[in-house]
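# Tertiary structure, described
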Amino acid sequence: MSTSTPPALPTRFVVGVDFTQTSENALVEAIRLAKRYEHGELHVTHVLAVPTGSAEAKQSDAMLAHIEAATKQLQALVLDKSNEFFPTSDWEQDTVIHVRIGDAAKQLHQVAVDIDADYLVVGSHSRTGISKLILGSVAEELARIAHLPVLIAHPKELKGIDRTPTVQAARPGSSSQLHLTNSVRLKLRLGSRPQHISGLV
């Protein structure tokens, strides 16, 4: 009697996009992550900041137009960013576009819950004061309330940041400081296979 292998479950990434540069950074990171997984799913989500009780929300035709426009804009943005940041790659990406209405943090989290997502990817401005309260509030709230891992994406920019100096003791009479660091590269066999440590078995 043969047993069939169950299909691999997808790894689902929800990324919040509000068409700012910050959210585009998050989108690029989410594309990069989903691309690395054989069964990666990209869920690109935009939340329309329209209170559900407002007069505009009651105008279904107007809201449908907003939703359709945002859906097309998200699809175009995914294609543009993929071509811009991965110009030599050619792959098919399972992608779902979501447009919701209401509070951004709550709706992004709800999408993640609805699809059983593995990760939520958002952007955040590295700012302080009022700007931080306004622009960073979605990432901060998600980091506080989310019931799944939240990845806060910043563009990779390490230029101008010094690396840790090589380990070297200060010479007699030198004013230099002793820098103590330790890095060990290992190749570990992980998982459920029994581990045998010499001398203990």
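Everything here concerns the structure above.
Since the structure is predicted, the reported quantities are computational estimates derived from the model, not experimental observations. (Residues numbered from 1 in each chain as written. Predicted model: local features only at pLDDT ≥ 70, side-chain atom pairs only at ≥ 80, totals over all residues. Heavy atoms only, no water.)

Overall, parallel pairing links the five strands, which are arranged β3-β2-β1-β4-β5 in an open sheet. The strands lining the two open edges of the sheet, one partner per strand, are β3 (94-101) and β5 (150-153). Strand-to-strand twist of the sheet, defined as the mean angle between neighbouring strand axes without regard to direction, takes the value 25°. Sheet analysis places strand β4 (residues 119-123) next to β5, joined by four bridges and oriented parallel. Its bridge partner being in β5, L120 is matched across the sheet by V150. (Pairing = 2+ DSSP bridges. Helix = DSSP H or I, 4+ residues; strand = E, 2+ residues; numbered from the N terminus. Axes fitted to C-alpha atoms, helices over the stretch in contact; angles between N-to-C directions.)

This paragraph deals with unusual backbone geometry. The residue F19 is not glycine, and still its phi comes out positive at about 70°. Examined against the element boundaries, F19 turns out to sit in the loop between β1 (11-16) and α1 (21-36). A positive phi is found at D116, a non-glycine position, where the angle reads about 60°. Counting through the fold element by element, D116 comes out in the loop between α4 (104-115) and β4. Residue D116 is classed as exposed on the basis of its relative accessible area of 56%. (Buried < 20%, exposed > 50% of the residue type's maximum accessible area, 1.4 Å probe, protein only.)

Our next topic: the packing of aromatic side chains. Counted under the stated rule, the structure contains three aromatic pairs. Ring centres of F13 and Y37 lie 5.6 Å apart, and the angle between their planes is 55°; this geometry places the pair in the tilted category. With a gap of 24 residues between them, F13 in strand β1 and Y37 in the loop between α1 and β2 (40-48) connect regions that are remote in the sequence. Owing to a relative accessible area of 1%, F13 belongs among the buried residues under this scheme. Of the residues examined, Y37 reaches a relative accessible area of 38% and is grouped as partly exposed. When the ring of F13 is compared with that of Y119, the centres are 5.3 Å apart and the planes differ by 15°; the resulting orientation is stacked. Of the two residues, F13 sits in strand β1 while Y119 sits in strand β4, which places them 106 residues apart along the sequence. (Phe/Tyr/Trp six-rings, centres within 6.5 Å; stacked < 30°, edge-to-face > 60°.)

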